[in-house]
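Residue-level structural notes
If you want the building blocks of each chain, they are given just below.
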2 protein chains.
Amino acid sequence: MPHFDLTPDQRQQLFSDLLPQLEAYYTHTRDRRVAPRLDPEKIREAVARFDFTEPLGAGEAVKTVVDNLLEHQVHVPHPRYYGLYNPRANFPSILADLIAAYFNPQLAAWSHSPFAAEVETYLIREYGKKFGYDAASIDGTFTSGGAEANLTGILCALNHCYPDYANRGFRAFEGEPVVYCSDQAHHSVVKAARVVGLGLDSVVQIATDEHLCLSVTALRERLTADQRAGKVAVMVIATAGTTGTASIDALPEIADLCAAAGVWLHVDAAFGGAAALNPDYRHWLRGIDRADSITTDIHKWLSVPMGTGMFITRHPEILSQSFRTTAEYMPREGGSFSVVDPYTHTIQWSRRFLGLRMYLSLLVFGWEGYAATIRHHVEMGDYLREQLTTRGWTIAVDTPLPVVCFTWPGHPDPGTYAREICARVVESGEAWISVYPIRGVDVLRACITNYATTREDIDALVRLLDRVRQEAG
Amino acid sequence: MPHFDLTPDQRQQLFSDLLPQLEAYYTHTRDRRVAPRLDPEKIREAVARFDFTEPLGAGEAVKTVVDNLLEHQVHVPHPRYYGLYNPRANFPSILADLIAAYFNPQLAAWSHSPFAAEVETYLIREYGKKFGYDAASIDGTFTSGGAEANLTGILCALNHCYPDYANRGFRAFEGEPVVYCSDQAHHSVVKAARVVGLGLDSVVQIATDEHLCLSVTALRERLTADQRAGKVAVMVIATAGTTGTASIDALPEIADLCAAAGVWLHVDAAFGGAAALNPDYRHWLRGIDRADSITTDIHKWLSVPMGTGMFITRHPEILSQSFRTTAEYMPREGGSFSVVDPYTHTIQWSRRFLGLRMYLSLLVFGWEGYAATIRHHVEMGDYLREQLTTRGWTIAVDTPLPVVCFTWPGHPDPGTYAREICARVVESGEAWISVYPIRGVDVLRACITNYATTREDIDALVRLLDRVRQEAG
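Below or above, wherever it landed, is the structure these notes cover. (Residues numbered from 1 in each chain as written. Chains lettered and ligands numbered in written order. Predicted model: local features only at pLDDT ≥ 70, side-chain atom pairs only at ≥ 80, totals over all residues. Heavy atoms only, no water.)

So, the overall build of chain A
Across its full length, chain A holds 14 helices and 11 strands. Taken against the 2.2 N^0.38 rule, which gives 23 Å for 473 residues, the C-alpha radius of gyration of chain A at 24 Å falls within 12% of a compact globule. With respect to the three principal axes, the spread of C-alpha positions in chain A is 65 × 60 × 45 Å. Put simply, chain A has 473 residues, and 68% of those count as buried. In chain A, the proportion of contacts linking residues at least 24 apart, taken out of those at least 6 apart, comes to 75%. Accessible surface computed for chain A: about 14900 Å², of which carbon and sulfur atoms make up 48%. (Helix = DSSP H or I, 4+ residues; strand = E, 2+ residues; numbered from the N terminus. Rg over C-alpha atoms; globule rule 2.2 N^0.38 Å. Buried < 20%, exposed > 50% of the residue type's maximum accessible area, 1.4 Å probe, protein only. Contact = heavy atoms within 4.5 Å. Areas by Shrake-Rupley, 256 points an atom, 1.4 Å probe, with all protein chains shown as cover.)

Shown next as structure tokens:
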């Protein structure tokens, strides 16, 4: 049985074998089909071929895994993947994962990983400042993604609304607790409401206007009626960049409403939050500085590996109030310093050093690098809209963000037609797009998710759409 | 501004610069101090030296990060780190993280990452079989760690107990819900109870016996009394390997009790679960096959990077019942196959491909490799106990697992003395141990966390303890 370290020679050999495979993938991603042909049985056979009774040579094991990943996944790092926001990982963030695996810092007690803990604190504060928060009041935590950040937001709102919630739980409720979001909010909000024991029954999905933004009028009416009926408005969750259409809710008006009603405002800016990193686009998020808490994903526009999210709040005590426990087995060396043990500020306990992906990216590219890449995404989105319009497509929803929902005008059954076009695009392997229902009717949806997507890629997508439209007849 | 890919030449140069640094660390970990001298201000200065206005060269950025990690963290991969269970990552699992960063599979929709999804399903089933579960009924999910797995367990128990819980939340409660665990259970249980809105008030911590195992008598009495009083026993959380002393609760008796009372049994085997991988030790977990659900950490004995946990259940419908939501924006290509979309079975939404760390490790080392390394850990624990006893130390708690709690007999103030010994050991930089209170009095605690720990390392620890005992007077 080989030592779990393997030998230095074996390790060198493995890098010599593996790096060219990975580099070939990274350099030539665009030569591949974007989506695989799906065959569950074939994949299951490939996975279960090994029952771990006879070890493989490490080189063979690595090659098996790489080959299967090449063959059996949607290549989200592909410049013609226009799908859900899964990014191509920038190169420094790839190195960050390699470095973190060697050192294996764990963020639970500050004293165990003080560099990692301070890096994350620093990044959260700096990002919070981009949202207009006062540096002195910023707190937050890295999360496994937007879902955990939204869950953290609900818990903070509950603990704010019911100061005795951490100890007494649901017994602290006085009146029926309600969480408001739009009918376009990410479904992780519903999942989070279930996790915290509010259930679906506590989630009120407010209707949206013609831009698929939360109707402030409808929210005001419902909130007022509910409060009159003795219900307790725990929070409003607004969205800055919905998953379906990248709609941005009217944050200033919603913030006014929340302030007047004394209700916690959480903004799910998992997608749109990064607009704060380009001064030219920051006004799209106007009002976000008035949010009590914010979700933003690092694994979207910041182009680092899955799953890296961030929760930020301007209430410096609320995470501690929500999550602090003490445990006798935790290291005590940090006790004499004014430091925060990460495990007291998060749903998790020991956490991986996710912040390194963002720190190393920022060291190499700087805020200006991110401003430039975000501008590139936005310009590619605008270019796609322009090209589609020129070719006769109709843009279904206005948004400044690079999500383009579009439809072919005049078709008698536009939903079926959109699904057929989409299926043909995906089947071609030349691009990946999806469909999304607007008012119950599917439209085509293409999102710029990749800093490496070029005008030529957009041109190719538009030509492909023309072609499959001809084929579909 | 450099392209986010950097150039192929730059990437090659970065690997040429970085790999020797990482390899030097991996090969010579034991030459370093285990714990750093803590200086928060110095670390904060190092972190905030860069405000991301002027990008660094990538090589310089990487070197800065590596240097700071070398200087400012407890080196948990060090063979003389005898602390909380943070492992040294085995080499294939390090490569797994590098591979995953390049391909960036995301586990939300099955059709996006079918290989990743099937690997995780396969690993969960195979691990479940090691616990004695019937292969046909096994379900589960990878988690960010034991805390999320325990949280998942509480949610499954709630949804099992109250079938309408996902929709109605706390409104579905009939009678006061109670969760039982021992006073030695991991505090993530308390945190999880707070997250699900039960609050601390729903957690009953049952007293432990002289081995710090949950007192079955006390549990039976309390459970009976509570049920008579109309309270609802939602679940019992037993522990197989407590964090403090590696005590293993009496699973068969607790399972009997739960079966008779109709109560969900969750076993937190975050640490001890891996004993199932060595047939000689499996009997330590006798009765675990009767648990309704199990937490086991992959980032402990399986020696992969933080944070990799696993939740396993023998109720194949419960995760879906607890977490299923549908979302219009999710890809639909998998719709015609009999497959599970990962996001319908987890608290998270999009997840990172954590299972690759375990899959690649198993391909290279096989189950036998794990059986052997677990035996090595156990033998090192036994050897440490033997050496300590020979030198006059008293072993404070019996456990077959490689956590050794010990004390110097006859000292008038044993707690203070233990803390002083511990502080001197940590300060020496030659090893890392901690203290843990047993019945309110701190004892010394050393855990074998590292497959690379040898008899010579144990000998060195025992000599060091002798030396600091002399110094302490």
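Moving on from the model shown.
With respect to unusual backbone geometry
The general pattern is negative phi for most residues beyond glycine and trans for most peptide bonds. All names here are of chain A. The omega torsion across Met-306 and Gly-307 is -20°, close enough to zero to call that bond cis. When you line up the elements, Gly-307 lands in the loop between β6 (293-297) and β7 (309-313). The backbone of Leu-6 sits at a positive phi, close to 55°, despite the residue not being glycine. You can see Leu-6 is positioned in the segment before α1 (8-27). Its identity is not glycine, yet Asn-104 carries a phi of approximately 50°, on the positive side. Looking at the element boundaries, Asn-104 is found in the loop between α4 (91-103) and α5 (114-130). Its relative accessible area of 1% is what places Asn-104 among the buried residues.

A short note on helix α6 (residues 146-161) of chain B
Every α-helical turn comprises 3.6 residues, leaving residues that sit three or four positions apart pointing alike. Look at α6(B): 22 Å from first C-alpha to last across 16 residues, which is about the 22 Å you get at 1.5 Å a residue. For α6(B), a buried count of 14 out of 16 residues is recorded, marking the element as mostly surrounded by other parts of the structure. (Expected span 1.5 Å × (residues − 1).)

Digging into the sheet that holds strand β11 (residues 441-447) of chain A
All names here are of chain A. A sheet is described by the order of its strands in space; here four strands give the open sequence β8-β9-β11-β10, paired in antiparallel fashion. Of all the strands in the sheet, the pair left with one neighbour each is β8 (394-395) and β10 (434-438). Strand direction decides the pairing type here: β10 and β11, joined by five bridges, are antiparallel. Across the sheet, the residue bridging to Ser-434 is Arg-445, located in β11. Strands β8, β9 (403-407) and β11 of the sheet are contacted by helix α12 (residues 355-390), whose axis makes an angle of about 10° with β9. This element, helix α13 (residues 414-428), spans β9, β10 and β11 of the sheet and lies at about 35° to β11. (Pairing = 2+ DSSP bridges. Axes fitted to C-alpha atoms, helices over the stretch in contact; angles between N-to-C directions.)

With respect to the packing of aromatic side chains
Applying the stated criterion to the full structure yields 48 aromatic pairs over all chains. Ring geometry for A:Phe52 against B:Tyr122: centres 5.8 Å apart, planes inclined by 55°, an arrangement best described as tilted. Of this pair, A:Phe52 sits in the loop between α2 (40-48) and α3 (58-71) while B:Tyr122 sits in helix α5 (residues 114-130), placing the two residues on different chains. Between the aromatic rings of A:Tyr165 and A:Phe173, the centroid separation amounts to 5.9 Å while the plane-to-plane angle is 15°, which identifies the pairing as stacked. Classification of A:Tyr165 by relative accessible area gives buried; the value is 1%. For A:Phe173, a relative accessible area of 12% puts it in the buried group. When the ring centre of B:Tyr383 is taken as reference, the NZ or CZ atom of B:Arg455 above it lies at 4.5 Å. (Phe/Tyr/Trp six-rings, centres within 6.5 Å; stacked < 30°, edge-to-face > 60°. Lys NZ or Arg CZ within 6 Å of the ring centre and 35° of its normal.)

Comments concerning the packing of α4(A) against helix α3 (residues 58-71) of chain B
Contact geometry of α4(A) with α3(B) gives a least axis separation of 11 Å together with a crossing angle of 15°. Here α4(A) lies roughly parallel to α3(B), going by the angle between them. Both α4(A) and α3(B) take part in a crossing whose hand is right-handed. Here A:Leu95, A:Ile99 and A:Phe103 of α4(A) lie close against α3(B), whose contacting residues are B:Val62, B:Val65, B:Val66, B:Leu69 and B:Leu70. Its residues assigned to classes, the contact of α4(A) with α3(B) shows eight nonpolar, no polar and no charged. (Parallel < 35°, antiparallel > 145°, perpendicular 65-115°, else oblique. Left-handed = near helix turned anticlockwise from the far one by under 90°. Nonpolar A, V, L, I, M, F, W, Y, C, P; charged D, E, K, R; others polar.)

Shape is all these values report; function is a separate question.
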